[in-house]
Amino acid sequence: MIPGGRLVVLGKQGAGKGTQCVRLSHHYVIPHISTGDMLRGETKAGTALGVEAQSYMDTGELIPDEVVLKMVAQRLDQDDTRTRGFVLDGFPRTVAQAEGLDDLLVPASLDLAINIVVPTPLVLRRLASRRVCEDCAAIYSTAAPPRIAWICDACGGEVIHREDDTEAAIHRRLDLYEQQTQPLIAWYRRAHKLVSVSGVGSPETVSDRLIRAIDDHRAATGGFSAPLRTSGMTSAGRAGATSASAGIGSGPDPAAEPSGRPGGAGS
Ligand SMILES: [Zn+2]
């Protein structure tokens, strides 16, 4: 069985995050959890959480961390994420959310945050050609339109050029993203849980790169940690122990894998 994983994908708008999350979800057989999609679903279904989220969106405010966290907590409590893990898309956005996520995962922990990096001029080009379904938010482009003229393949909705995909609005959003996310990226880097991967190239090229980076990290750190909440196994306390240099012949470590593997990785 292909190992699962607990992954976070970061990247500014236009980095191809959504596309790559879907590909990673298929490759590692883990659910793709998009907080944007979840929020749209909750809002459409008129749940208490959806109504609350909508009230913030209506006034143009950011949805508070605890509201997003509550939604993610519910999702992470389901069987598929417990046993296989997840690839998170659109969350966390802030250090507070990342800390909240870590708390939710105890006694397990996040495996890796992947930052997809693309130069701003490329993002601007991509977003200028982007077209979005008004109903289900499926993404198309002038180069890859729906099969029937601007009618969504998935739901039959109208596919439009969003008004906020203008250059000025995009610049504003990119600046905001940068401000918000730089501390988060620094935070994951300090925890030795960050890899940055270039998002330039075809979706296939980029996902090959991502998978290689994830597998390299896995090889260097002794593999993904155990499924969530499996009794008898804990990955708590591993946060600082991601280096592959763990000493050969070192004494028993209560937080180490309970296996008979001699000598550690690569020996
Ligand atoms: Zn649609």
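Let us look at the structure shown here.

The rules behind these values
- Residues numbered from 1 in each chain as written.
- Predicted model: local features only at pLDDT ≥ 70, side-chain atom pairs only at ≥ 80, totals over all residues.
- Helix = DSSP H or I, 4+ residues; strand = E, 2+ residues; numbered from the N terminus.
- Contact = placed C-beta atoms within 7 Å.
- Core = buried A, V, L, I, M, F, W, Y, C linked by C-beta atoms within 7 Å.
- Buried ≥ 20, exposed ≤ 12 C-beta atoms within 10 Å, placed from the backbone.
- Pairing = 2+ DSSP bridges.
- Axes fitted to C-alpha atoms, helices over the stretch in contact; angles between N-to-C directions.
- Parallel < 35°, antiparallel > 145°, perpendicular 65-115°, else oblique.
- Expected span 1.5 Å × (residues − 1).
- Arc of directions from axis to C-beta.

### Quick word on the overall build of the protein
For the protein, the helix and strand inventory stands at nine helices and eight strands. Considering only intrachain contacts with a sequence separation of at least 6, the fraction spanning at least 24 residues in the protein is 68%.

### Some words on the nonpolar core
With 41 residues, the main nonpolar core has Leu 7, Val 8, Val 9, Val 87, Leu 88, Ala 113 and Ile 114 as its most contacted residues. Discounting residues that sit within four places of it in the chain, Val 9 has contacts with Lys 17, Gln 20, Cys 21, Val 87, Leu 88, Asp 89, Ile 114 and Ile 116.

### Considering the sheet that holds strand β2 (residues 32-34)
Strand order in the open sheet formed by five strands is β2-β3-β1-β4-β8, with parallel pairing between adjacent strands. Of all strands in the sheet, those bounded by a partner on one side alone are β2 and β8 (194-198). For this sheet, the mean inter-axis angle between neighbouring strands, taken without regard to orientation, is 25°. With five bridges joining them, strand β1 (residues 5-10) and strand β3 (residues 85-89) adopt parallel strand pairing. When the bridges of β3 are listed, Val 9 appears paired with Asp 89.

### Notes on the packing of helix α2 (residues 35-45) against helix α3 (residues 48-58)
Running from amino to carboxyl end, α2 crosses α3 at an angle of 105°, the nearest separation of the two axes being 7 Å. Taken as axis vectors, α2 and α3 run roughly perpendicular relative to one another. Across the interface between the two elements, Leu 39, Glu 42, Thr 43 and Ala 45 from α2 touch Leu 49, Gly 50, Ala 53 and Gln 54 from α3.

### Considerations on helix α4 (residues 65-76)
With twelve residues, α4 extends 16 Å between its outermost C-alpha atoms, agreeing within 8% with the 16 Å of an ideal straight helix rising 1.5 Å per residue. Taken as a whole, α4 has its buried residues at Val 68, Met 71, Val 72 and Leu 76. Projected onto a plane normal to the axis of α4, the buried residues spread over an arc of 135° and lie on a single side. Across from the buried face of α4, at angles greater than 90 degrees, the exposed residues are Glu 66 and Gln 74. At its buried positions, α4 is contacted by α2, α3, α5 (79-84), β3 and α6 (95-105).

### Here's the deal with the sheet that holds strand β6 (residues 139-141)
Two strands in a sheet stick together by hydrogen bonds in their backbones, pointing the same way (parallel) or opposite ways (antiparallel). Taken together, the three strands give an open sheet; going across it, the order is β6-β5-β7, and neighbouring strands pair in antiparallel fashion. Whereas interior strands pair on both sides, the edge strands pair on one side only; in this sheet they are β6 and β7 (159-160).

### Here we look at the pairing of strand β4 (residues 112-117)
Of all six residues that make up β4, five are buried, and the element is covered over most of its length. Sheet analysis places β1 next to β4, joined by four bridges and oriented parallel. Its bridge partner lying in β4, Leu 10 is registered against Asn 115. Across five bridges, β4 lies against β8 in parallel orientation. When the bridges of β8 are listed, Ile 114 appears paired with Val 195.

The values are spatial; any link to function lies outside them.
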